[in-house]
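# Coordinate inspection notes
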Amino acid sequence: PWWALWWALWAVAVRAEASGKALAAEELQRGDGLLAQGVFSGAEAAYTRAIEADPALAIALVKRSRVRLSQGRMPQAIGDLTRAVELEPTSLQARLQRAVLLRKTCRFNGALEDAEAVLGRKPEHRGALEERGKIESGARLLRAARE
């Protein structure tokens with residue numbers, strides 16, 4: 001009957017998803033180990049494999065962004081953080097890290113939006129408060145330079 005085929009396909013899909021999550025967790029751990037050893041290209045590759053195994057794993061994107069930033073690849077790091085925020089809009093870590101990078105590229109409106117999002121969830125977050133001050137200062141300096 002049709003329902004037996006449907007049931008079999010559903011069971012295969014569930015097993016594949018569980019397998020993907022297990023592989024992603026394994027690659028995430030491998031990436032952490034390589035990063036601790038200073039093997040940045042290996043860590044990036046492991047985090048990439050984790051993302052491929054589980055595209056919804058925002059923490060792998062956050063970690064890969066750190067590796068990319070350490071390699072001077074800021075646009076790619078911002079892209080990873082942007083995807084992480086899309087997956088988990090309430091991630092304080094992804095928002096604050098992206099705020100820092102956006103500020104460093106003089107994209108003050110986006111940076112302020114991220115810092116405010118962190119403060120909206122945790123009003124006393126020291127890092128977000130400090131970052132908001134840096135963002136506002138940078139925006140003032142940019143406005144003054146343009147005048």
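It should be noted that the structure appears before, not after, this text.
Description of the structure in this document.

### A short note on unusual backbone geometry
Phi is positive for Cys106, which is not a glycine, with a value near 60°. Its location among the elements puts Cys106 in the loop between helix H5 (92-104) and helix H6 (108-121).

### Points about the environment of Tyr47
Structurally, Tyr47 can be placed in helix H2 (residues 40-53). For Tyr47, a relative accessible area of 0% puts it in the buried group. For the pair Tyr47 and Ile59, spaced twelve residues apart in the sequence, the C-alpha separation amounts to 9.3 Å.

### Concerning the nonpolar core
One broad trend across soluble globular proteins is that nonpolar side chains are buried collectively. Ranked by size, the top nonpolar core spans 26 residues in total, and within it Leu57, Ala60, Ala84, Ala94 and Ile135 carry the most contacts. Of all elements in the fold, only helix H1 (2-36), H2, helix H3 (58-70), helix H4 (74-87), H5, H6 and helix H7 (126-146) reach the threshold of two or more residues within this core. Not counting chain neighbours up to four residues away, the residues in contact with Ile135 comprise Ala99, Arg103, Phe108, Ala111, Leu112 and Ala115.

### Observations concerning H6
Taking 1.5 Å of rise per residue, the 14 residues of H6 would be expected to cover 20 Å, and the 20 Å separating its terminal C-alpha atoms lies within 8% of that figure. Residues Phe108, Ala111, Asp114, Ala115, Val118 and Leu119 constitute the buried set of H6. Down the axis, H6 shows its buried residues gathered within 135° of arc, on one side only. Seen from the open side of H6, the exposed residues pointing more than 90 degrees away from its buried face are Asn109, Glu113, Gly120 and Arg121. Summarising the contacts, the buried residues of H6 are in contact with H5 and H7.

### A short note on the packing of H3 against H5
Contact geometry of H3 with H5 gives a least axis separation of 10 Å together with a crossing angle of 25°. Classified by the angle their axes make, H3 and H5 are roughly parallel. Between H3 and H5 lies a crossing whose hand is left-handed. In this structure, H3 contributes Ile59, Val62, Ser65, Arg66 and Leu69 to the contact, and H5 contributes Gln93, Ala94, Gln97 and Leu101.

Each value, and the rule that gives it
- In this numbering scheme, every chain counts its residues from 1 along its sequence in written order.
- Predicted model: local features are reported for residues with pLDDT of at least 70 only, side-chain atom pairs are reported and counted for 80 or more only, and whole-chain, interface and lining totals are derived from all residues.
- To obtain the side-chain values, all non-hydrogen atoms of the structure were included, while hydrogens and water were left out.
- Runs of E in the DSSP output that reach at least two residues are strands. Runs of H or I that reach at least four are helices, and both are numbered from the N terminus.
- Burial here depends on accessible area, computed with a 1.4 Å probe over protein chains only, as a share of the maximum for the residue type. Under 20% is buried, over 50% is exposed, and the range in between is partly exposed.
- By nonpolar core is meant a set of buried Ala, Val, Leu, Ile, Met, Phe, Trp, Tyr and Cys residues that side-chain atoms within 4.5 Å join together.
- Contacts between residues were defined by any pair of non-hydrogen atoms, one from each residue, lying within 4.5 Å.
- In this scheme, a helix's expected span is set at 1.5 Å multiplied by one less than its residue total.
- The arc under discussion is defined with respect to the helix axis, by the directions toward the C-beta atoms.
- Lines fitted to the C-alpha atoms define the axes, with helices restricted to the stretch that makes contact. Angles between their N-to-C directions range from 0 to 180 degrees.
- In these notes the angle categories are as follows: under 35 degrees is roughly parallel, over 145 is roughly antiparallel, 65 to 115 is roughly perpendicular, and the rest is oblique.
- Crossings are sorted by hand: turned counterclockwise from the far helix by less than a right angle, the near helix makes the crossing left-handed, and turned clockwise it makes it right-handed.

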